[in-house]
Amino acid sequence: MLDYTRTRARCDAESAARRARPGEALDFSLTDEQQALRAAVTEFARNELNAGLLERERDGTFSRSGWDKCAEFGLLGLPIPEEYGGAGSDILTTIVALEALGYGCADNGLVFSLNAQLWAVESPIARFGSEEQKQRYLPALCRGVSIGAHAMSEPGSGSDAFSLTTTAEETSAGYVLRGSKTFVTNAPEADVFLVFATTNPARGFASLCAFLVARDTPGLAFGTPIEKMGLRTSPMSELYLDGCEVAREQLLGRPGNGMAIFNAAMRLERACILASCVGAMQRQLERAIEYARERKQFGQPIGSFQSVSQKLVDMKLRLETARLLLYKVGWLIDRGESATLEAALVKLHLSESFLQSSLDALQVHGGYGFMTEYELERDVRDAVGGRLYSGTSEMQRNIVARALGL
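Residues numbered from 1 in each chain as written. Predicted model: local features only at pLDDT ≥ 70, side-chain atom pairs only at ≥ 80, totals over all residues. Heavy atoms only, no water.

Helix and strand content of the chain: 13 helices and 10 strands. In summary, the chain has a C-alpha radius of gyration of 21 Å against a globular reference of 22 Å for 406 residues, a match within 12%. Dimensions of the chain, computed from C-alpha atoms along their principal axes, come out at roughly 80 × 50 × 50 Å. Expressed as a percentage of the 406 residues in the chain, the buried residues total 55%. Considering only residue pairs separated by 6 or more positions, the chain has 74% of its internal contacts joining residues 24 or more positions apart. Of the side-chain charges in the chain, 43 are positive and 51 negative, and the distance between the mean point of each set is 4 Å. (Helix = DSSP H or I, 4+ residues; strand = E, 2+ residues; numbered from the N terminus. Rg over C-alpha atoms; globule rule 2.2 N^0.38 Å. Buried < 20%, exposed > 50% of the residue type's maximum accessible area, 1.4 Å probe, protein only. Contact = heavy atoms within 4.5 Å. Lys, Arg positive; Asp, Glu negative; His and termini not counted. Charge placed at Lys NZ, Arg CZ, Asp CG, Glu CD.)

This is the structure in C-alpha cells:
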C-alpha cells in the first residue's frame, strides 16, 4: 500500500460529510483529495502497466506483474474494509480511482480482471462472509497473492442465470459439488472460486448456494483457456466440478442464500465494472482531437470537416453523460440505496457508449485506425464484451422496463 492512505481517508471523510448534508443538491465535483488520488492512479498506470501490451494482447497473455503492481498500489482492495487488508474507500472514491486506471492503462483485459475480482468475489465475501472467511480470503486477495474467480454461468444457462444445473449434495461433512461452469474470468490463474450450485434443482433459485472453493480441491478441474475476440489479456476458461468435496465452512452466507448473494454482487458489478471505460473514453477523445488537429487533408486539418468534428462532439457527449450516470450510481450506493435501476442504466449506457466511441475514434483515424500498431482497433474488440458480460444490454433494458412498471 502506498503513502496516500491518509489522503484517501480525508477523501472518504469529505465525501461522507458532503452526502450527509440534508437538502443539498447533487454535487459530484471531486474533492482535492479525490483529484490527488486520480492523478496518482493515472501516473502509476501510465508508467507501470502499458509496456509490452501489443505482444501480450497478440498472445493472449495475462500480466501477473501488472496485477502485482496494482495490488501493491492498493487498487485490489479499494472498497474493502481496512481490517481485512483493503483501503476502506467509499464507492464513489473507488469509481474515481478506477476511472483513472482506465485512463492511464490501455490494457483493458488486465483492468477487467481486476474489476471481476473486486466486485464479484471480494465484495460478496466482505458483505456475506463469516469473520473467519473474511480473515482467510480478503487480505490475500487485496495483496494480490491470491486471485479470485466468480463461477455462475453454465454452458446451457446463458442469461437465464438461475437455470443452472450444478448441484451441491449435502453430506455429514459438508457438500459435494457436481457440474460445470463456463466463461469464468480469471479461472486459469485463480486460487479461489466463488461457485454457485443448487441443493435441490426442483426448487430452482430458492435452493441456490454459494461456495468458496480452493484451486487445489480434489475434483476441481479446468478446461483449455478460452480464445476471445477482445479482452484477450484477461484469462478465461471453463470449470469442472466432479465430486468436488467442500467443508460446511466453505459455504458463503446461509444455505439457500445464493440468490441474494448473486443479485447483490451483480448489482454492484453492473454499477462499477465499467468505471474504467469512462477513463478509456476520455483517453480516446483526447487522442482523436489531437489527431483531428494535426492530420491534414485537402489543405486543412480534418477536424474542420463537419463529418469529423461532429463525431468528436458525439464522443464528448457520451463521455459526459456516462460520467454523470456513473458518479450518480456511486453516490446512491454510498447513501445506502440499492440503485438497481441506476446500475442497469449505467451498465447499459456505458457499454453502448464505449463501443460507439471506440468505433468513432477508429473512424477519425481512417486507415491508420484499422492498423494494430495504432492500438485503436483493440478498444473496439474489447468494448464489444461490455455489451455481454454482467448481463447483456438486452437484459439491462428488461431490468429498466420492469422498474418502470412495464
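Structure shown, so let's carry the discussion forward.
With their axes 7 Å apart at the nearest point, helix 8 (residues 258-272) and helix 11 (residues 340-364) run at an angle of 45° to one another. Here helix 8 lies oblique to helix 11, going by the angle between them. At the point where helix 8 passes helix 11, the crossing takes the left-handed sense. Here helix 8 contributes Arg 267, Arg 270 and Ala 271 to the contact with helix 11, which in turn contributes Thr 340, Ala 343, Val 346 and Lys 347. Considered class by class, the residues forming the contact of helix 8 with helix 11 number 3 nonpolar, 1 polar and 3 charged. (Axes fitted to C-alpha atoms, helices over the stretch in contact; angles between N-to-C directions. Parallel < 35°, antiparallel > 145°, perpendicular 65-115°, else oblique. Left-handed = near helix turned anticlockwise from the far one by under 90°. Nonpolar A, V, L, I, M, F, W, Y, C, P; charged D, E, K, R; others polar.)

Our next topic: the state of the cysteines. With the rule as written, the count across this model stands at 0 disulfides. Cysteine Cys 105 is unpaired, with the sulfur of Cys 70 as its nearest cysteine sulfur at 6.7 Å. No disulfide involves Cys 277; its nearest neighbouring cysteine sulfur is the one of Cys 105, lying 12 Å away. Classification of Cys 277 by relative accessible area gives buried; the value is 8%. (Disulfide = S-S within 2.5 Å.)

Below, the discussion takes up the pairing of strand 4 (residues 192-198). Of all 7 residues in strand 4, 7 are buried, a share of seventy percent or more. Across the two faces of strand 4 the burial is the same, with Val 192, Leu 194, Phe 196 and Thr 198 and Phe 193, Val 195 and Ala 197 all buried. Relative to strand 4, strand 1 (residues 148-151) is paired through 4 bridges, and the arrangement is parallel. Bridge assignment links His 150 to a residue of strand 4, and that residue is Leu 194. Bridge count between strand 4 and strand 5 (residues 208-214): 7 bridges; the pairing is antiparallel. The partner of Val 195 across the bridge, within strand 5, is Phe 211. (Pairing = 2+ DSSP bridges.)

Bringing the pattern of salt bridges into the picture now. This structure, assessed with the given rule, holds 18 salt bridges. The salt bridge partner of Arg 178 is Glu 169, with a shortest N-O separation of 3.0 Å. Relative accessible area serves as the criterion here: at 39%, Arg 178 is assigned to the partly exposed category. A relative accessible area of 43% means that Glu 169 is categorised as partly exposed. Asp 379 is the partner of Arg 283 in a salt bridge, and the nearest nitrogen-oxygen pair spans 3.9 Å. Of this pair, Arg 283 sits in helix 9 (residues 275-294) while Asp 379 is found in helix 12 (residues 377-386), placing the two residues 96 residues apart along the sequence. Each member of the pair, Arg 283 together with Asp 379, is buried. A single salt-bridge network, built from bridges that share partners, covers Glu 99, Lys 316, Glu 320 and Arg 323. (Salt bridge = Lys/Arg side-chain N within 4 Å of Asp/Glu carboxyl O.)

In terms of nonpolar packing, the biggest core is built from 92 residues, with Leu 75, Leu 101, Leu 114, Leu 177, Phe 193 and Phe 211 touching the most fellow members. At 11 residues, the largest contribution of residues to this core is made by helix 10 (residues 306-334). Once you skip the residues sitting within four places of it in the chain, Leu 177 turns out to touch Thr 167, Ala 168, Val 195, Ala 197, Phe 211, Val 213, Leu 241, Asp 242, Gly 243, Cys 244 and Val 246. Counting 24 residues, the second-largest nonpolar core is a separate cluster that includes Tyr 84, Ala 120, Tyr 137 and Ile 261. (Core = buried A, V, L, I, M, F, W, Y, C linked by side-chain atoms within 4.5 Å.)

By the secondary structure assignment, Ser 237 is in strand 7 (residues 236-247). The exposure class assigned to Ser 237 is buried, which follows from its relative accessible area of 0%. Leaving out residues up to four positions away in the same chain, Ser 237 has contacts with Thr 182, Phe 183, Val 184, Ala 187, Pro 188, Phe 222, Gly 223, Thr 224, Pro 225 and Ile 226.

Within the secondary structure, Ser 353 is located in helix 11. In this structure, Ser 353 is in contact with Met 281 and Arg 318, ignoring residues within four places of it in sequence.

Moving on, we get to the confidence of the model for the chain. The predicted coordinates should not be examined in detail at positions where pLDDT is low. With 93% of its residues at a pLDDT of 70 or more, the chain shows a mean pLDDT of 92. Considering only residues more than four positions removed or in separate chains, one finds that residues 1-8, a stretch of pLDDT under 50, has 16 contacts. Between residues 13-23, whose pLDDT stays under 50, and residues either more than four places distant or in other chains, the model counts 15 contacts. (pLDDT = per-residue confidence, 0-100.)

Tracing the backbone shows Phe 62 in the loop between helix 3 (53-59) and helix 4 (64-73). You can call Phe 62 buried: its relative accessible area is 12%. Taking C-alpha positions, Phe 62 is 29 Å from Asp 160, a pair spaced 98 residues apart along the chain. When neighbours within four sequence positions are excluded, Phe 62 is seen to be in contact with Trp 67, Leu 110, Ser 113, Ile 147, Glu 189, Thr 233 and Pro 235.

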